[in-house]
Amino acid sequence: MEARARNAATASRAKSADSDRLLDNYLTPGLAGQPISTIDNSRRFSTNLACAKSATMLELMVQPGATGDIMRFSIARDADLDGTLESNLTLPVPVSGVCANGIISCRPGSWDACQPFKWSIDQTSSIGISPTALTELAGCYCLNNSCGADLAWGNMAGILKDLGGGVVGALTTADPRIGVAQVQIDGPVIRYTGAQTTACTTHPTLDQTRYKAAPALLAGDAETASAASSLFKAVKASPAGLGKAQQVTACTISREITFDASDFDDILGVSGPIAAMSDCGEGCRRYRLQGDGSCSIVPPVYSAILTLHKPERLVSAQIVGMGANDWVQGRVNGVVVGSAGKRPWLGDGIPSGDCSTDGEFSYPSIIDFTPQLRAGPVRIDARVRGGNAGRSGYVDLELRVDTSCSPKERVVDLCAGYAGQSQCRLKDETVDDVDTVRNGIVTGLSPLPQRRSIGTGRCETQITRSFFLRERRYACAIDTAALPPPDLSRGAYIIDRSTETRLADQTRSDGGAVTQTTRAFSLPARPSVAACEPICKTRAATANSGVASETNVAAQQNLPTGWDFHYHSCEARNVCPAGPGEEIVSPCGCLDDFPEAVVMMQTVRLAGADLACTAVAR
């Protein structure tokens, strides 16, 4: 028996141990209409899983340039699977990085001015690329000279597979009927043999994609189909379909309350030649924009830029004063709003009148520019004309914002899916540790409104709500076979009275008589089992071609290359099957790298805990 089991396992592993063997032995012949053999090769049978086939459904050709970027990338496609490549696309941008679902295009030979693109399929089923955010792409890496030399040519096969995989993924997502039967790489070209499966129609919309977009439709469609099926009704009415069982599932309805605690600089940014700044109360600051002028030169302009990060928290923005020894002109976004001097100075020219006087002039009115600041960044100008040295002008700004702690509240209902099902009923409910429903019966108890401390520091406050946490358990009926409960008395008798050398048994005849027996018992000789499955650890040098949001990984590291580690199951002669370019780190044996894996995962977890994400540049 042991030999038979080992032979069966060996034969199965020979045909399905990895993806390549599954592809060669089952998927490719199945889609191509070729015979498929059973595991022991004793029988062969033919299938026809495809409605249409094409020797070359998709062909991708790349041509790297001297900068390492792919300067020419063409995609030919046989969309109707008639054997003719009727469409051809040449990407309009160079390819500097490759992702699982798109590409990255940068200035050739560098990682500057990069633009990420995602593979897309338009309404005419044509392949293309569309601009996207880098966060929408996955598995990106760099291949031009900014990350290393000759990365494209040196890793051509892998790059072609990654590019082709992204294109095929976009095609099969848009049209799930498409199946890939075979892949062939020929230098800088990768070809896909394809077929149309699952629906022999011209319209690609299938129930699979409809249910993926709206999973809630599946239950209703299933109930409708079962109601019209005579076979389903017959099975449901049979003894096997009369039984019911309950499945109990727990869920929660929780209230989440967070605070938006913002200080002045989080709400409003001020930059420019600010001469002085002072506080004027809670959430209020005053800024003085000041500079010197001269009668012999064009009046200089001193500008401050105000950038509003959180418009909802702006209270007011005003010019509350202007003053000068001679002349000063205040502007908002280039528009004159006031001036201080002997006479009004409202134009772009030089003001008329004496210059270099001993008088001091001011503009007492308040000018409000709150609407302009809500609309976008605002530039405030102080245009100064003065006489002798030290003659200056100033513009005073008063900015008020709301720095209070703003609570944000939402109720997260994880029980809605069960509450909306007719076969589910509420079994138990606890509201803030008070049992309101027990075994399906309302207890009549309800919690008093709770008052809790929420937040920390200056945002700590008391909030009163009718509830904060509902814990529920739903009992949902499921169909089972209406069978009598099993008789476990014989098993209990055997377990209680048997030993390693004696087997006790209890049987019941058709007439109901019970017979108890005892006989000698021994287990067959058990074969020796190895302490583990021997494995080996190898490593292969690889370029640091990863991509981050700011730049490529190679630009941030001292060494241009790193290591890829691999684990292999050893062969029967305890030989490590290292791949091309791999060197053995640990020979065949019972390797235990679990502590190393734990350290790596803990490092990633702690690094993630220290990261803070924000949409505003700091």
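Residues numbered from 1 in each chain as written. Predicted model: local features only at pLDDT ≥ 70, side-chain atom pairs only at ≥ 80, totals over all residues. Heavy atoms only, no water.

Undergrad: Help me understand the overall build of the protein in this model?
TA: Assigned secondary structure in the protein consists of 12 helices and 36 strands. Within the protein, the proportion of its 618 residues that are buried is 32%. Summarising the internal contacts of the protein: among those between residues at least 6 apart in sequence, 62% fall at separations of at least 24. Put simply, the protein shows about 36800 Å² of open surface, and 54% of that area lies on carbon and sulfur atoms. (Helix = DSSP H or I, 4+ residues; strand = E, 2+ residues; numbered from the N terminus. Buried < 20%, exposed > 50% of the residue type's maximum accessible area, 1.4 Å probe, protein only. Contact = heavy atoms within 4.5 Å. Areas by Shrake-Rupley, 256 points an atom, 1.4 Å probe, with all protein chains shown as cover.)

Undergrad: Is there a simple way to explain the nonpolar core in this structure?
TA: Generally speaking, a soluble globular protein has its nonpolar side chains buried in company with each other. Core analysis: the largest hydrophobic core is formed by 29 residues, its most contacted members being Leu-58, Phe-73, Trp-119 and Leu-163. A per-element tally of this core places helix H4 (residues 156–174) first, with eight residues. Membership of the second largest hydrophobic core comes to 27 residues, among which are Phe-264, Leu-308, Ile-367 and Leu-373. (Core = buried A, V, L, I, M, F, W, Y, C linked by side-chain atoms within 4.5 Å.)

Undergrad: Just to check I follow, could you spell out the environment of Ser-46 for this structure?
TA: Examined against the element boundaries, Ser-46 turns out to sit in strand E2 (residues 44–46). For the pair Ser-46 and Gln-34, spaced 12 residues apart in sequence, the C-alpha separation works out to 5.9 Å. Among residues more than four places away in sequence, those in contact with Ser-46 are Gln-34 and Pro-35.

Undergrad: Which parts of the structure should I look at to understand the pattern of salt bridges?
TA: Working definition: two side chains of opposite charge can pair if their charged atoms are close together. In the structure shown here, the tally under the stated rule is 22 salt bridges. Glu-409 serves as the salt-bridge partner of Arg-465, at 2.8 Å between the closest nitrogen and oxygen. Of the two residues, Arg-465 is situated in strand E30 (residues 461–465) and Glu-409 in strand E25 (residues 406–413); the sequence distance between them amounts to 56 residues. Residue Arg-465 is classed as partly exposed on the basis of its relative accessible area, which comes to 27%. Put simply, Arg-438 and Asp-435 hold a salt bridge, and the shortest N to O gap is 3.0 Å. Salt bridges sharing partners connect three or more residues here, namely Glu-59, Asp-186 and Arg-191. (Salt bridge = Lys/Arg side-chain N within 4 Å of Asp/Glu carboxyl O.)

Undergrad: Help me understand the sheet that holds strand E9 (residues 127–131) in this model?
TA: Neighbouring strands of a sheet are bound in pairs by backbone hydrogen bonds; such pairs are parallel or else antiparallel. Read from one edge to the other, the open sheet built from five strands follows the order E9-E8-E7-E6-E10, with strand pairing classed as antiparallel. In this open sheet, the two edge strands, each paired with only one partner strand, are E9 and strand E10 (141–142). Its contacts with the sheet put H4 on strand E6 (97–99), strand E7 (102–105), strand E8 (115–121), E9 and E10, and the angle it makes with E8 is roughly 50 degrees. (Pairing = 2+ DSSP bridges. Axes fitted to C-alpha atoms, helices over the stretch in contact; angles between N-to-C directions.)

Undergrad: Quick question: what am I supposed to make of the state of the cysteines here?
TA: Cysteine pairs can be linked by a disulfide, which is a covalent bond between their two sulfur atoms. In total, this model carries nine disulfides according to the counting rule given. At a sulfur-sulfur separation of 2.0 Å, the disulfide partner of Cys-424 is Cys-476. Its S-S torsion of about 110 degrees marks the bond between Cys-424 and Cys-476 as right-handed, since a negative value means left-handed. Separated by 52 residues along the polypeptide, Cys-424 in strand E26 (residues 424–431) and Cys-476 in strand E31 (residues 469–480) bring together distant segments of the chain. Here Cys-424 matches Cys-476 in class, with each residue buried. (Disulfide = S-S within 2.5 Å.)

Undergrad: Is there a simple way to explain a nonpolar patch on the surface in this structure?
TA: Taken together, Trp-563, Phe-565 and Val-585 make up a surface patch of nonpolar side chains, about 290 Å² in accessible area. Of note, Phe-565 is situated in strand E35 (residues 561–569). The exposure class assigned to Phe-565 is partly exposed, which follows from its relative accessible area of 46%. (Patch = residues over 30% accessible without salt bridge, like charges linked within 9 Å, V, L, I, M, F, W, Y side chains within 5 Å.)

Undergrad: So what exactly am I meant to see when it comes to the confidence of the model for the protein here?
TA: In low-pLDDT regions, the fine details of the predicted coordinates are not to be read closely. Overall, the predicted model of the protein reaches an average pLDDT of 83, with 89% of residues at or above 70. The low-confidence segment residues 614–618 (pLDDT under 50) makes two contacts with residues lying over four places distant or belonging to another chain. (pLDDT = per-residue confidence, 0-100.)

Undergrad: What's the story with H4 in this structure? I'm lost.
TA: Three- or four-residue spacings in an α-helix give side chains the same orientation, since the helix completes a turn every 3.6 residues. The end-to-end C-alpha distance of H4, which contains 19 residues, comes to 27 Å, matching closely the 27 Å that a straight helix rising 1.5 Å per residue would cover. Met-156, Ile-159, Leu-160, Leu-163, Gly-164, Gly-166, Val-167, Val-168, Ala-170 and Leu-171 are the residues of H4 that are buried. (Expected span 1.5 Å × (residues − 1).)

Undergrad: Please explain unusual backbone geometry as it appears in this structure.
TA: Negative phi is the rule for most residues except glycine; trans is the rule for most peptide bonds. Of note, the phi angle at Asp-433 is positive, near 70 degrees, even though the residue is not glycine. Relative to the helices and strands, Asp-433 resides in the loop between E26 and strand E27 (434–438). Located in the positive-phi region is Asn-439, a residue other than glycine, with phi close to 55 degrees. Relative to the helices and strands, Asn-439 is located in the loop between E27 and strand E28 (441–442).

Undergrad: Can you help me understand the packing of aromatic side chains in this one?
TA: When we look at a pair of aromatic rings, we describe it by the centre distance and by the angle of the planes. Going through the model one piece at a time under the given rule, you end up with two aromatic pairs. A ring pair is formed by Phe-73 and Trp-119, whose centres lie 5.9 Å apart and whose planes are at 85 degrees; its orientation type is edge-to-face. Placement of Phe-73 in strand E4 (residues 70–77) and of Trp-119 in strand E8 is noted, with a sequence separation of 46 residues between them. Residue Phe-73 is classed as buried on the basis of its relative accessible area, which comes to 2%. For Trp-119, a relative accessible area of 6% gives the class buried. When the ring of Tyr-418 is compared with that of Tyr-474, the centres are 6.0 Å apart and the planes differ by 25 degrees; the resulting orientation is stacked. (Phe/Tyr/Trp six-rings, centres within 6.5 Å; stacked < 30°, edge-to-face > 60°.)

Undergrad: How should the side chain of Asp-69 be read in this particular structure?
TA: With respect to the helices and strands, the residue Asp-69 is situated in the loop between strand E3 (50–64) and E4. Nearest to the buried, unbridged Asp-69 among oppositely charged side chains is Arg-107, at 10 Å. Of note is the side chain of Asp-69, whose polar atom sits 2.7 Å from the side chain of Thr-67. If we skip the residues at most four places from it in the chain, Asp-69 touches Gln-63, Pro-64, Pro-94, Val-95, Ser-96, Pro-108, Gly-109, Leu-143 and Asn-144. (Lys, Arg positive; Asp, Glu negative; His and termini not counted. Polar contact = N/O pair within 3.5 Å; in protein donor to acceptor, adjacent residues only side chain to side chain.)

Undergrad: Hey, could you run me through the pairing of strand E18 (residues 314–324) in this one?
TA: Regular strands place their side chains on alternate faces of the sheet. Most of E18 is tucked away, with 10 of its 11 residues classed as buried. Note: E18 against strand E22 (residues 367–368), two bridges, orientation antiparallel. Residue Ile-319 lies in a different strand from E22, and its bridge partner there is Ile-367. Examined bridge by bridge, E18 and strand E21 (residues 361–363) share three bridges and lie antiparallel to one another. Across the sheet, residue Ala-324 finds its bridge partner in E21, namely Phe-361.

Undergrad: Just to check I follow, could you spell out the environment of Gly-376 for this structure?
TA: Assignment of secondary structure puts Gly-376 in the loop between helix H9 (370–375) and strand E23 (378–385). A sequence separation of 67 residues divides Gly-376 from His-309, and the C-alpha atoms of the two residues are 9.4 Å apart.

Undergrad: Would you take a moment to explain the sheet that holds E23 for this structure?
TA: Read across the sheet, five strands follow the order E14-E17-E23-E19-E20 without closing on themselves; strand pairing throughout is antiparallel. Every interior strand has two partners, whereas the edge strands, strand E14 (268–271) and strand E20 (335–340), have only one. Sheet twist, expressed as the mean angle between neighbouring strand axes with direction ignored, is 20 degrees. Summarising the sheet, strand E19 (residues 327–332) and E20 pair through five bridges and their orientation is antiparallel. Residue pairing in the sheet places Gly-330 in a bridge with Gly-338 of E20.

Undergrad: Would you mind showing me how to read the environment of Ile-75 here?
TA: If you trace the backbone, Ile-75 turns up in strand E4. Separated by 10 residues in the primary sequence, Ile-75 and Leu-85 place their C-alpha atoms 9.8 Å from one another. Once residues within four sequence positions are removed from consideration, Ile-75 is found in contact with Leu-58, Glu-59, Leu-60, Ser-87, Asn-88, Leu-89, Trp-119, Ile-127 and Val-167.

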